[in-house]
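Per-entry structural report
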Amino acid sequence: MYLVGFMGTGKTTIGRAVAARMRYRLLDSDHEIERVQGLSIPDIFAQRGEPAFREMEKEFIEHGHPASGCVVACGGGLVVQPGMLARLRARGVVICLHASLETVLLRTSTNRHRPLLAGDDPMERIRRLYAEREAIYKRAGTVLLTDHRPTSDIISHVMRAYRREARDWRPAEAR
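Residues numbered from 1 in each chain as written. Predicted model: local features only at pLDDT ≥ 70, side-chain atom pairs only at ≥ 80, totals over all residues. Heavy atoms only, no water.

Some thoughts on the sheet that holds strand E4 (residues 94-98)
The test is simple: Two strands qualify as a pair provided DSSP detects at least 2 bridges between them. Each helix is a run of H or I in the DSSP string that is no shorter than four residues. Each strand is a run of E no shorter than two, and both are numbered from the N terminus. Here an angle of 0 to 180 degrees is reported between the N-to-C directions of two axes, which are lines fitted to C-alpha atoms, with helices fitted over the stretch in contact.
In spatial order, the strands read E2-E3-E1-E4-E5; together these 5 strands make up an open sheet with parallel pairing. Lying at the two open borders of the sheet, with one neighbouring strand each, are strand E2 (25-28) and strand E5 (142-145). With strand direction ignored, the average angle separating the axes of adjacent strands in the sheet is 25°. Judged from the 4 bridges that link them, E2 and strand E3 (residues 70-73) form a sheet pairing that is parallel. Paired with arginine 25 across the bridge in E3 is cysteine 70.

What to know about the packing of aromatic side chains
Our working definition: To pair, rings of Phe, Tyr and Trp, with the six-membered ring standing in for Trp, must have centres within 6.5 Å; the planes then decide the type, stacked if under 30 degrees apart, edge-to-face if over 60, and tilted in the middle. Throughout, exposure labels follow a simple rule: accessible area from a 1.4 Å probe, protein chains only, divided by the maximum for the residue type, with under 20% read as buried, over 50% as exposed, and the rest as partly exposed.
Tallied over the full model, the rule gives 4 aromatic pairs. Between phenylalanine 6 and tyrosine 137 the ring centres are 6.3 Å apart and the planes differ by 75°, which places this aromatic pair in the edge-to-face class. Of the two residues, phenylalanine 6 sits in the loop between strand E1 (2-5) and helix H1 (11-22) while tyrosine 137 sits in helix H7 (residues 122-140), which places them 131 residues apart along the sequence. A single burial state applies to phenylalanine 6 and to tyrosine 137, both of which are buried.

A few points about unusual backbone geometry
Positive phi, close to 60°, is recorded for arginine 23, a residue that is not glycine. Examined against the element boundaries, arginine 23 turns out to sit in the loop between H1 and E2. Classification of arginine 23 by relative accessible area gives exposed; the value is 76%. Although it is not a glycine, histidine 148 adopts a positive phi angle of roughly 60°. As for its position among the elements, histidine 148 is in the loop between E5 and helix H8 (151-168). The exposed category is assigned to histidine 148, whose relative accessible area is 78%.

Quick word on the pairing of E1
Alternating residues of E1 divide into Tyr2 and Val4 and Leu3 and Gly5, and every residue in both groups is buried. The sheet contact formed by E1 and E3 spans 2 bridges and is parallel. Bridge pairing in E3 places tyrosine 2 opposite valine 72. The pairing of E1 with E4 spans 4 bridges and is classified as parallel. Residue pairing in the sheet places leucine 3 in a bridge with isoleucine 95 of E4.

Considerations on the nonpolar core
The condition that has to hold: In these notes, a set of buried Ala, Val, Leu, Ile, Met, Phe, Trp, Tyr and Cys residues joined through side-chain atoms within 4.5 Å is what counts as a nonpolar core. The criterion used for residue contact is that any of the two residues' heavy atoms lie within 4.5 Å.
Counting residues in each nonpolar core, the largest one holds 34 residues, and the members touching the most others are Val4, Phe6 and Leu88. Looking at this core, the elements that each hand over two or more residues are E1, helix H3 (41-48), helix H4 (50-63), E3, helix H5 (84-91), E4, helix H6 (101-108) and H7. Looking at which element gives the most residues to this core, the answer is H7, with 7 residues. Those residues in contact with phenylalanine 6 that lie beyond four places of it in its chain are Lys11, Gly76, Leu97, Val104, Ile126, Leu129, Tyr130, Arg133 and Tyr137. Met22, Leu144, Ile155 and Met159 belong to the second-largest nonpolar core, a separate cluster that totals 17 residues.

As structure tokens, then:
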């Protein structure tokens, strides 16, 4: 299962709980890239640039995790790269988490590991980035709202959506 969506929507938090319930392993694409590269995301952006980071994301999806038994919490920009949604769908069920932009700002305001929000007006940056990405998020899969809901409700909803979609999902080579 792949959890996608904008930053601050709860992909890692919800993914951790869903993985535990399924007895799967949670893999956060950003954390795995940091582990492999030995650098933080801000350092990767500063030293190698965003295009290099996006290539690292593609490599992670193609070769960096098991084909089964895991829940992957994808970085917010991963799914918006050309061809990535199709790659994710070919490998598993995709569920998109969503939150209001105000909730995103609240959840991300204390995190200094978000290079795309650097600057004087993070809310304006959130609005611009979300506007660029909204269409792909809406096409990504079942979209679940995560703000103003108990975590237990979100987890249950993700599990229901996953079970429903997993019944019809087939690996790309089987289609």
